[in-house]
Amino acid sequence: MTRHDPRVDSQSRTPNARSTGATHDARSNTTAALMHLSDMDDFEIADGEPDIRGWDIKSMDGRTIGEVDDLLVDTELMKVRYVEMKLHDDLVHDDAHKHAVLPIGTARLDDNEDEVIVNFHADDLRGFPPYTRGELTREHETSLLDRLTNPSDRTSKSKHNDSGDFYGQPHFDDNHAFEGRRAKHGRAGNDDARYLTRSEEELAIGKRQVKAGTVGVEKHVETERVRKAVPVTHEEVTVERRPVSGDQSLNAKTQIKDDEIVIPVMQEEVIADKRTVAKEEIVIKKHAVQGEEIVEADLRKERVDVKRDGRS
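Residues numbered from 1 in each chain as written. Predicted model: local features only at pLDDT ≥ 70, side-chain atom pairs only at ≥ 80, totals over all residues. Heavy atoms only, no water.

Enquirer: Requested: an account of the overall build of the chain, with residues and values cited.
Expert: Along its length, the chain carries three helices and 10 strands. Counting from the amino terminus, helix and strand elements in the chain follow one another as β-β-β-β-β-β-β-β-β-β-α-α-α. Across the 312 residues of the chain, 26% fall into the buried class. In the chain, 60% of the contacts between residues at least 6 apart in sequence involve partners at least 24 apart. For the chain, the exposed area adds up to about 25300 Å²; of that, 45% sits on carbon and sulfur atoms. (Helix = DSSP H or I, 4+ residues; strand = E, 2+ residues; numbered from the N terminus. Buried < 20%, exposed > 50% of the residue type's maximum accessible area, 1.4 Å probe, protein only. Contact = heavy atoms within 4.5 Å. Areas by Shrake-Rupley, 256 points an atom, 1.4 Å probe, with all protein chains shown as cover.)

Enquirer: Hey, could you go over a negative patch on the surface for me, with residue numbers and the actual values?
Expert: On the surface, Asp56, Glu67, Glu113 and Asp114 cluster together into a negatively charged patch. By secondary structure assignment, the location of Asp114 is in the loop between strand E9 (107–110) and strand E10 (115–118). Its relative accessible area of 40% is what places Asp114 among the partly exposed residues. (Patch = residues over 30% accessible without salt bridge, like charges linked within 9 Å, V, L, I, M, F, W, Y side chains within 5 Å. Salt bridge = Lys/Arg side-chain N within 4 Å of Asp/Glu carboxyl O. Lys, Arg positive; Asp, Glu negative; His and termini not counted. Charge placed at Lys NZ, Arg CZ, Asp CG, Glu CD.)

Enquirer: Residue-level account of the nonpolar core, with values.
Expert: Note on soluble globular proteins: their nonpolar side chains tend to be buried together. Within the largest apolar cluster, 39 residues are counted, with the highest numbers of intra-cluster contacts made by Ile65, Tyr82 and Met85. The set of elements that each furnish at least two residues to this core consists of strand E6 (64–74), strand E7 (79–87), strand E8 (99–103), E9, E10, helix H1 (138–148) and helix H3 (174–185). Sequence-distant contacts of Met85, that is, excluding residues within four places in its chain, are made with Ile57, Ile65, Glu67, Asp69, Lys98, His99, Ala100, Val101, Leu102 and Leu125. (Core = buried A, V, L, I, M, F, W, Y, C linked by side-chain atoms within 4.5 Å.)

Enquirer: An account of the side chain of Arg138 is requested, with residue identities and associated values reported.
Expert: Relative to the helices and strands, Arg138 is located in helix H1. A polar contact is formed between the side chain of Arg138 and the side chain of Glu141, at a distance of 3.1 Å. (Polar contact = N/O pair within 3.5 Å; in protein donor to acceptor, adjacent residues only side chain to side chain.)

Enquirer: Account for the environment of Glu200, with residues named and values stated.
Expert: Within the secondary structure, Glu200 is located in the segment after H3. Between the C-alpha atoms of Glu200 and Glu302, which are 102 residues apart in sequence, the distance is 5.7 Å. Discounting residues that sit within four places of it in the chain, Glu200 has contacts with Arg300, Lys301 and Glu302.

Enquirer: Can you break down the pattern of salt bridges residue by residue, with the values?
Expert: Considering all chains together, one arrives at eight salt bridges under this definition. Ionic pairing is found between Glu141 and Arg138, a salt bridge with its closest N-O pair at 3.1 Å. On the criterion of helical spacing, the pair formed by Glu141 and Arg138 is a turn pair, its members being three residues apart in helix H1. A relative accessible area of 0% places Glu141 in the buried class.

Enquirer: For the confidence of the model for the chain, give the residues involved together with the corresponding values.
Expert: Looking at the chain as a whole, the pLDDT averages 77, with 75% of positions reaching at least 70. Between residues 2–19, whose pLDDT stays under 50, and residues either more than four places distant or in other chains, the model counts 60 contacts. Taken together, the stretch residues 187–191 has pLDDT below 50 and engages in four contacts with residues farther than four places along the chain or on a different chain. (pLDDT = per-residue confidence, 0-100.)

Enquirer: Can you break down the packing of aromatic side chains residue by residue, with the values?
Expert: As enumerated under the stated definition, the model contains five aromatic pairs in all. Residues Phe120 and Phe128 carry aromatic rings whose centres are separated by 5.2 Å and whose planes lie at 55 degrees to one another, so their mutual orientation is tilted. On the basis of relative accessible area, Phe120 is assigned to the buried category, the value being 4%. Of the residues examined, Phe128 reaches a relative accessible area of 11% and is grouped as buried. Ring geometry for Phe166 against Tyr167: centres 5.4 Å apart, planes inclined by 80 degrees, an arrangement best described as edge-to-face. You'll find Phe166 and Tyr167 in the same group, each marked buried. (Phe/Tyr/Trp six-rings, centres within 6.5 Å; stacked < 30°, edge-to-face > 60°.)

Enquirer: Can you break down the pairing of E7 residue by residue, with the values?
Expert: With respect to burial, E7 is a largely interior element, seven of its nine residues being buried. Where E6 folds back on E7, the antiparallel hairpin that results is connected by four residues, among which Met78 adopts a positive phi of roughly 60 degrees. Here E7 runs beside E8; their pairing, made up of five bridges, is antiparallel. Bridge pairing in E8 places Lys86 opposite His99. (Pairing = 2+ DSSP bridges.)

The following block contains the structure:
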């Protein structure tokens, strides 16, 4: 990054941009402003250096979490301090927090793929303090560093916060971000040194939920013929004839005529009705079963062999 100003050494300074809030100057306890690079009309990308704005940002687990929206630069020391990220929608809680900032030292450039690789997982973003674009406070910066710092490295946290050298921490060392590129293209200012990067592949293992199948529980109606004996009672009529003798046979009231007696005869009738009753409750649950799978892969690594010729 160079500035259209002859008083500025373009080889020893890096760019700066739009004011975002008060931060401590690295050389004193006074405050200095961070600015967005896109707002600095008097700066341009130096020859041979990539403009990473618009590059994809990938996490350690290989997920693309967003893209570089801008860079935040310390206007006093002309150093890039933060990468401002525009996050993908699936990582955004609400429209007001579509951006996040990341210290430059926690990123690495891969200019072969035009990507920025960060040293945390995509799900870790959910624990980042909320960031409103254009509003970056020291409280937010400290909270972000606490999130990015390993617990074993936090013993010196208060010392960095109180010493006035806030940006002297490794998280803000841009050499880490650009070291791969500088090794690849050679480092300016040291004509006697040559640099060779040794690389090797590492196995990055992640997990995701996939559909393994379905379990269906259904009920259907069956018809069963039921036969049941039910005891019933009915009335029967018996006719008994008895001879009349003596005085009863001479009863003056006895007449010869047609006559009839009707006696009702009753019986029980079976009434069959049907009703629906609950007989059983079916409880359907699912639970996780921990298993294990073996992952195998062939990883390549580069080895360095030194060959000497003559007295070299």
